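# Observations on the three-dimensional arrangement
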Amino acid sequence: GDSVTQMEGPVTLSEEAFLTINCTYTATGYPSLFWYVQYPGEGLQLLLKATKADDKGSNKGFEATYRKETTSFHLEKGSVQVSDSAVYFCALTGQAGTALIFGKGTTLSVSS
Amino acid sequence: GAGVSQSPSNKVTEKGKDVELRCDPISGHTALYWYRQRLGQGLEFLIYFQGNSAPDKSGLPSDRFSAERTGESVSTLTIQRTQQEDSAVYLCASSPLGGAHQPQHFGDGTRLSIL
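Below: a short report on this structure. (Residues numbered from 1 in each chain as written. Chains lettered and ligands numbered in written order. Predicted model: local features only at pLDDT ≥ 70, side-chain atom pairs only at ≥ 80, totals over all residues. Heavy atoms only, no water.)

### With respect to the interface of chain A and chain B
With 19 residues of chain A at the contact, the number on the chain B side is 18 residues. Of the roughly 1,500 Å² buried at the junction of chain A and chain B (both faces included), carbon and sulfur atoms supply 57%. For the pair chain A and chain B, the interface holds zero salt bridges. Elements that contribute at least two residues to the side of chain A that touches chain B include exactly β5 (33-38), β6 (44-50), β10 (86-93) and β11 (100-102) of chain A. (Contact = heavy atoms within 4.5 Å. Buried area = accessible area lost by both parts, 1.4 Å probe. Salt bridge = Lys/Arg side-chain N within 4 Å of Asp/Glu carboxyl O. Helix = DSSP H or I, 4+ residues; strand = E, 2+ residues; numbered from the N terminus.)

Printed below as a string of structure tokens:
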């Protein structure tokens, strides 16, 4: 069945460092891809999305490109801030088309 | 405007008891989803409601789990004869329409602990 695999954390970085969180997927058809973020003490929020191959989603300085050839949707940010510390979830809409299938989440901790 | 509201925020109950969790979606959102997040795991899909269509129950883990939704408003998730493995955070999400491209808006969840 459809699935999402993302790198295990925690990821610990210094402020202004470059961030990559890897995400790969297995899916039939053409899923939509999402990154959600959960800040400490808050609910899950959509960070960015891409709905077709080669689309780039971006928000708050984060970017991810839908790569069908490598079945990947890696999250990147050029310069992280302490306020980016959170748990990041990669997700897709599977063959059924509606429910999200999530990775296990990656915890990012940024220190000043 | 108000987001997705879930209640209670925390629930502690004894094994074998029934529990009922509530979700108020964003007004006007026709699609509603329930997910479960067990400790150290990703979110697992449980059930999906879209308008007046029959719900997609394919993610419910056992017949102890059921959910209802009245029209396009409140939904309740019921767990009967709770077991310790039911301990998790139960998340509700809604979206304006169902469909693969629609982002889902999540509530803060109900943290359920089974003693």
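### Section: the side chain of S72 of chain A
All names here are of chain A. Secondary-structure assignment places S72 in the loop between β8 (62-65) and β9 (75-77). Within the structure, S72 has its side chain in polar contact with the side chain of T70 (distance 2.8 Å). Apart from residues lying up to four places away in sequence, S72 is in contact with C23, T24, Y25, L33, T65, Y66 and R67. (Polar contact = N/O pair within 3.5 Å; in protein donor to acceptor, adjacent residues only side chain to side chain.)

### Considering the sheet that holds strand β6 (residues 65-69) of chain B
All names here are of chain B. The sheet built from four strands is open, its strands ordered β1-β3-β7-β6 with antiparallel pairing. A single partner strand is all that each edge strand has here, and the edge strands are β1 (5-7) and β6. Pairs of neighbouring strands in the sheet enclose a mean axial angle of 15°, with direction left out of account. By the bridge criterion, five bridges tie β6 to strand β7 (residues 75-79) in an arrangement that is antiparallel. When the bridges of β7 are listed, E68 appears paired with T76. (Pairing = 2+ DSSP bridges. Axes fitted to C-alpha atoms, helices over the stretch in contact; angles between N-to-C directions.)

### Things to note about the state of the cysteines
Residues and elements named next belong to chain B. Counted by the stated rule, this structure contains two disulfides over all chains. With its sulfur 1.9 Å from that of its partner, C23 forms a disulfide with C92. With the S-S dihedral at roughly -65°, the linkage between C23 and C92 falls on the left-handed side. Here C23 is found in strand β3 (residues 19-24), whereas its partner C92 is found in strand β8 (residues 88-95), with 69 residues between them in sequence. Taking relative accessible area as the criterion, C23 reaches 0% and is therefore assigned buried. (Disulfide = S-S within 2.5 Å. Buried < 20%, exposed > 50% of the residue type's maximum accessible area, 1.4 Å probe, protein only.)

### Here's the deal with the nonpolar core
Ranked by size, the top nonpolar core spans 26 residues in total, and within it L19, W35, L47, L48, F73, L75 and Y88 of chain A carry the most contacts. Here this core gets four residues from one element, more than from any other, and that element is β10 of chain A. With 20 residues, the next largest nonpolar core counts L46, L77, Y90 and I114 of chain B among its residues. (Core = buried A, V, L, I, M, F, W, Y, C linked by side-chain atoms within 4.5 Å.)

### Examining the sheet that holds strand β7 (residues 56-59) of chain A
Residue and element names in this part refer to chain A. The antiparallel open sheet is built from four strands, whose spatial order is β3-β9-β8-β7. Whereas interior strands pair on both sides, the edge strands pair on one side only; in this sheet they are β3 (19-21) and β7. Across the sheet, the mean angle separating the axes of adjacent strands is 20° when strand polarity is ignored.

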